[in-house]
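Listed here are the chains, written in short residue letters.
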Amino acid sequence: MRTASIARKTHETDISVEVNLDGCGTYDVSTGIGFLDHMIEQFSRHSLIDIRCRIVGDLHVDQHHTTEDSAIAIGQAIAQALGDKAGIGRYGSAYSPMDEALVRVALDISGRPYFVWKADFTQEKLGELDTELVEHWFHSIGQAVGITLHVELLYGTNNHHVCEAIFKGFARAMRSAVERDPRKGGAIPSTKGQLGG
Ligand SMILES: [Mn+2]
């Protein structure tokens, strides 16, 4: 089982995260931001990565630190659990529809973070979550794991659908990239012999 846990306490957040890359999509998420919980739960369910994520953050300041640190800690835990990335699919992509919205996510767990984001929201909040933090969440998790990550909203009008389609698309792409392919026989999926920049 590829598992990892992260615990970190700063003046901004007190956070503990556990992941199991070979899980079945079970989760226990509590960030203090309901909509963010809903999205991280979608990520777990559709990636099949078990995620336990509990944060007590400085929400009296704003949601920035809590949202950012959830992405960093989950990302660090995934990176730790991936280890040398032997035998993984490495690449993943998904077209992710939700009613009228269609999102495309393509990613490479290359060890070289790169981030392309082409998605805009037309309202400032989803539940109580500031929508500008959605882009930041993906930027942060991509940096922490070491992912070349492209996210594009092709079309869509309902902000909840757009956001959920992005998280679910990311989840399904991550499932393909993280899963071990038995045909690879434990080889590092790079002719360079390592994935890490
Ligand atoms: Mn929903």
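Our subject is the structure that appears above.
Every chain's residues receive numbers from 1 upward, in the order its sequence appears when written. The model is predicted, so local features are restricted to residues of pLDDT at least 70 and side-chain atom pairs to those at 80 or more, both for listing and for counting; the totals for chains, interfaces and linings are taken over all residues. To obtain the side-chain values, all non-hydrogen atoms of the structure were used and water was disregarded.

Enquirer: Give me the lowdown on the overall build of the protein, citing residues and values where you can.
Expert: A count of helices and strands for the protein gives four helices and 10 strands. Reading the secondary structure of the protein in the N-to-C direction produces β-β-β-α-β-α-β-β-β-β-β-α-β-α. Note that the radius of gyration is over C-alpha atoms, with the globule rule given as 2.2 Å times the number of residues to the power 0.38. The C-alpha atoms of the protein give a radius of gyration of 16 Å, which matches the 16 Å a tight globule of 197 residues would have. Each principal axis of the C-alpha atoms in the protein carries an extent, and together these give about 45 × 40 × 30 Å. For the protein, with 197 residues in total, the buried portion stands at 51%. Any two residues whose heavy atoms approach within 4.5 Å are treated as being in contact. Within the protein, contacts between residues at least 6 apart in sequence are counted, and of these 76% link residues at least 24 apart. The Shrake-Rupley method, run with a 1.4 Å probe sphere, supplies the accessible areas, and residue values consider only the shown protein chains as cover. Carbon and sulfur atoms form 47% of the exposed surface of the protein, whose accessible area is close to 9100 Å². Put simply, the protein has 19 plus and 26 minus side-chain charges, and the middle of one group is 10 Å from the middle of the other. Only runs of H or I of at least four residues qualify as helices and only runs of E of at least two qualify as strands under DSSP, and these elements are numbered from the N terminus. Accessibility here uses a 1.4 Å probe with only protein chains present; expressed as a share of the type maximum, an area under 20% marks a residue as buried, one over 50% as exposed, and anything in between as partly exposed. Counted as positive: Lys and Arg. Counted as negative: Asp and Glu, with His and the chain ends omitted from the count. Charged side chains are reduced to one point each, which is NZ for Lys, CZ for Arg, CG for Asp and CD for Glu.

Enquirer: Tell me about the sheet that holds strand S1 (residues 3-9), and name the residues and values.
Expert: Should DSSP find at least two bridges between two strands, the strands are regarded as paired. Pairing is mixed across the open sheet formed by four strands, whose spatial order is S1-S2-S4-S3. Of all the strands in the sheet, the pair left with one neighbour each is S1 and strand S3 (27-30). Across the sheet, the mean angle from the axis of one strand to that of its neighbour is 5°, orientation sign disregarded. Examined bridge by bridge, strand S2 (residues 13-20) and strand S4 (residues 50-57) share eight bridges and lie antiparallel to one another. Along S4, the bridge assignment pairs Glu18 with Arg52. With respect to the sheet, helix H1 (residues 34-47) is in contact with S3 and S4, its orientation differing from that of S3 by roughly 160°. All axes here are fitted lines through C-alpha atoms, helices being fitted over the stretch that makes contact, and every angle between N-to-C directions spans 0 to 180 degrees. Of the strands in this sheet, S1, S2 and S4 touch helix H2 (residues 64-82), which is tilted by about 35° from S2.

Enquirer: So what about the coordination of the manganese ion? Which residues, and what values?
Expert: Sites may look incomplete because water is not among the atoms; the donors themselves are N, O and S atoms within 2.8 Å of the metal, or within 3.2 Å for Na, K and Ca. The protein atoms donating to the manganese ion are His38 (NE2), His160 (NE2) and Glu164 (OE), with metal-donor distances spanning 2.0 to 2.3 Å. Counting gaps between the donor residues of the manganese ion yields the pattern H-x121-H-x3-E. Note that His160 and Glu164 are positioned in helix H4 (residues 159-178) at a spacing of four residues, about one turn of the helix. Using a relative accessible area of 30% as the deciding quantity, one classes His160 as partly exposed. The exposure class assigned to Glu164 is buried, which follows from its relative accessible area of 5%.

Enquirer: Requested: an account of the packing of aromatic side chains, with residues and values cited.
Expert: Think of it this way: a Phe, Tyr or Trp ring, Trp meaning its six-membered ring, pairs with another when their centres are within 6.5 Å, and the plane angle makes it stacked under 30 degrees, edge-to-face over 60, tilted otherwise. Enumeration over the complete set of coordinates arrives at nine aromatic pairs. Feature note: the residues Phe43, Phe115, Trp117, Trp137, Phe138, Phe167 and Phe170 constitute an aromatic cluster, connected by ring pairs.

Enquirer: Any details on the sheet that holds strand S5 (residues 91-98)? Residues and values, ideally.
Expert: Across the sheet, which stays open at both edges, the four strands sit in the order S5-S6-S10-S7 with mixed pairing between neighbours. Because the sheet does not close on itself, it has two edges, and the strands there are S5 and strand S7 (114-118). Neighbour-to-neighbour, the strand axes of this sheet turn through a mean angle of 10°, independent of strand direction. The sheet contact formed by S5 and strand S6 (residues 101-108) spans eight bridges and is antiparallel. Each residue of the ladder has a partner; that of Ala94, found in S6, is Val105. Against the sheet, helix H3 (residues 132-145) touches S7 and strand S10 (148-155), its axis set at about 155° to S7.

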